[in-house]
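Observations on chain architecture
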Amino acid sequence: MAKHGADEPSSRSGSPDGEDRASEDRSLLHQRLAVQELIDTEVSYLHMLHLCASDIRSRLQQLPQGDLDVLFSNIDDIIKVNSRFLHDLQETASKKEEQVQLVGNLFLEFQEELEQVYKIYCASYDQALLLVEMYRKEPELQQHIQGIIKAVVPQAGSSGLSFLLVIPLQRITRYPLLLQKILENTLPDASAYPVLQRAVSALQDVNTNINEYKMRKEVASKYTKVEQLTLRERLARINTHTLSKKTTRLSQLLKQEAGLIPRTEDKEFDDLEERFQWVSLCVTELKNNMAAYLDNLQAFLCFRPHEFNLDIAEGPAVQYCNLARDLQLEAFLKFKQRLEGLVWQPLCSLAKALLGPQNLIKKRLDKLLDFERVEEKLLEVGSVTYEEQAARHTYQALNSLLVAELPQFNQLAMQWLGQILRTFVTLQRDLAKQVLQRAEGSMAQLPHHHVPEPAFRKLVEDTLGRTSNQLHSFQETFEKVLPPPTTQPLLPGSERQVQALLSRYGPGKLYQVTNNISGTGTLDLTLPRGQIVALLQNKDTKGNSGRWLVDTGRHRGYVPAGKLQLYHVVPSAEELRRQAGLNEEPRCLTPEPVRAPVPSIPTVNQVIAAYPFEARSSHEVSLQAGQPVTVLEAQDKKGNPEWSLVEVNGRRGYVPSGFLARVPSPVLWGWNLPS
């Protein structure tokens, strides 16, 4: 009995140790099973990703490439990251005692990479589902897709694409659960326990960050859209809610401007916005300059002097025409095409890409006013409504998104802009190189090709100097012989309008437009060269004497004063013929010459050729600048006022009406142009 009593305490003391050991063994077994489950499911998951990326995507080439990019998003990046993760995970199996701790460290090591690739996929998941729903509305296409998926992944069933697309989302959310299962079967005093705790927390943070990123993307997609609405559509959207919201924001802004409440300062965002606006300004200026450059290039290409017959059989002029024709048809045309494709189109795409961030920045300001108002209420009352809480979250999401992505966008936009400028410079250099190569043969045939460059420059300067002196002498002689004509001849069709302005305002108020005017403001007029207007006021409402208020007889508005000159009123065509005695039979306007004009000689209105004109057919007649002409008909046989029937030196024919001018001055008989 004594022996039995002595053995009993020993039996009772050994029983708990055995139970603890058995519990540890069970935990260790469950731990190993959990680790094995992690590895096995990772293998199966990666295999499914490969099927999606290779077999299924390659067989869905019937879909547009844009749809495939949305459906499968960055699945290739996910495969790369998870392949490396699985390789390192399988290598931990060789170290049984340290495997659990290695698994925890592995998750901590891949935390950032997993978050980066999965947040992109999750952000585009909703858009992929919209495409899936759209495919279901097309029976033939849906049947084709289902057949492909059933052949590759039979277990997908009727879910089809939806079954495959959700797999990455399920996997990233399952990682914390698998780690938690391993943690639950790990002793608290084990060295792997704190590592697993950090890993579980890290993967939970990954999922939280992915959800926040997805929410920010949804907010961004909502406010990035730039809608072109008419005034009626904008008015139709106004309701009591929007009026109340805009009124509250305006009140908040006025309080801040008055200094009644503080303004929220965010230096980090302000710096980013300033840089973005600077980039946006650079893009806008470059786009405007490039548009003007293309317009000038088009005007240059339309000017083809080499196509005119110069009546020169040989010499430098012929060589120039051949070179100009060659450049016009090949080098310049190819340069324009490359400029539009490699510079203009990318520049327009960059300008379009700026619209989304610009709209987000604008919306952020509105949401900031809502956020500040809600924060004030939260401090005063201590609680806010669900709608106000949503407004807070919207601002925080917008601000976080802009702060996170504006630096990258600014950097990419600058790189894009720099590449466009480098391309433009390269195209210019290539054009210059082509022109020089094509011109080498023609330059060798020029008479002065052997002259050294300094001597050639001196020769050109001397030639230009002599030509300038001759031109100046000719101009002085011409001004002495013939008073300067009006800037633009008056067409017969506008005589009635001129008479109406004359009777209403008098001759001293009539002015003629010297150059085409394109109105840019609301009250500015757009007028062609030669238009007659009446001066109403020689300054605008701000006292600017460079803008005059005029009346065209139909409209009133402002025009630049520098493009107007005083118009000398002349009689109509019938009056001119009557004064010259041409009522019954047209004949030359030139009267008998007199030796010298005297003050008693009345002023006679004479029609002259304002510009030289070369007849191109027997129905036309040639003109020389300053040559007197007789107008027989102010229109052609079809009534077109752009052509006039005239008589010159006894020959009759048609000339452009725009080449004629009436000169109100004492007639100077018997003069001609200096030879």
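In what follows, the structure referred to is the one given above.
Residues numbered from 1 in each chain as written. Predicted model: local features only at pLDDT ≥ 70, side-chain atom pairs only at ≥ 80, totals over all residues. Heavy atoms only, no water.

Before going further, it helps to examine the overall build of the protein chain. Helix and strand counts for the protein chain come out as 19 helices and ten strands. Looking at the protein chain as a whole, 36% of its 675 residues are labelled buried. A separation of at least 24 residues holds for 68% of the contacts in the protein chain among residues at least 6 apart in sequence. When the accessible surface of the protein chain is totalled, it reaches about 41,600 Å², and 54% of it is carbon and sulfur. (Helix = DSSP H or I, 4+ residues; strand = E, 2+ residues; numbered from the N terminus. Buried < 20%, exposed > 50% of the residue type's maximum accessible area, 1.4 Å probe, protein only. Contact = heavy atoms within 4.5 Å. Areas by Shrake-Rupley, 256 points an atom, 1.4 Å probe, with all protein chains shown as cover.)

Here the focus is helix H6 (residues 125-136). Helix length check: H6 (twelve residues) gives 17 Å between terminal C-alpha atoms against 16 Å at 1.5 Å per residue, within 8%. Among all positions in H6, only Tyr125, Ala128, Leu131, Val132 and Tyr135 are buried. The buried residues of H6 occupy one face: seen down the axis, they fall within an arc of 115°. (Expected span 1.5 Å × (residues − 1). Arc of directions from axis to C-beta.)

So, on to the sheet that holds strand E8 (residues 643-648). Taken together, three strands build an open sheet; the order of strands is E7-E8-E9 and the sheet is antiparallel. On the outer flanks of this sheet lie strand E7 (630-633) and strand E9 (651-656), each paired with one strand and no other. Averaged over all pairs of adjacent strands, the angle between their axes in this sheet comes to 40°, without regard to strand direction. Across six bridges, E8 lies against E9 in antiparallel orientation. Note that in E9 the partner of Val648 across the bridge is Arg651. (Pairing = 2+ DSSP bridges. Axes fitted to C-alpha atoms, helices over the stretch in contact; angles between N-to-C directions.)

All right, on to the pairing of E8 then. Pairing geometry for E7 and E8, over three bridges, is antiparallel. Its bridge partner being in E8, Glu633 is matched across the sheet by Leu645. In textbook terms, the turn of a hairpin is the stretch between consecutive antiparallel strands, and for E8 and E9 this stretch comprises two residues, one of which, Asn649, has a positive phi near 55°.

Right, let's talk about the environment of Leu71 for a bit. Within the fold, Leu71 resides in helix H2 (residues 65-72). Overall, the relative accessible area of 1% leaves Leu71 in the buried class. The spacing of Leu71 and Arg57 is 14 residues in sequence and 9.2 Å in space, taken between C-alpha atoms. Excluding anything up to four places from it in sequence, Leu71 contacts Leu63, Tyr121, Ala128, Leu131, Val132, Tyr135, Leu161 and Leu165.

All told, the structure shown has eleven aromatic pairs when counted by the stated rule. With centroids separated by 5.4 Å and ring planes inclined at 80°, the aromatic side chains of Tyr511 and Trp548 adopt a geometry described as edge-to-face. Of the two residues, Tyr511 is situated in strand E1 (residues 510-513) and Trp548 in strand E3 (residues 547-551); the sequence distance between them amounts to 37 residues. An aromatic cluster is defined as three or more aromatic residues linked by ring pairs; in this entry it consists of Phe85, Phe107, Phe110 and Tyr175. When the ring centre of Phe72 is taken as reference, the NZ or CZ atom of Arg57 above it lies at 5.8 Å. (Phe/Tyr/Trp six-rings, centres within 6.5 Å; stacked < 30°, edge-to-face > 60°. Lys NZ or Arg CZ within 6 Å of the ring centre and 35° of its normal.)

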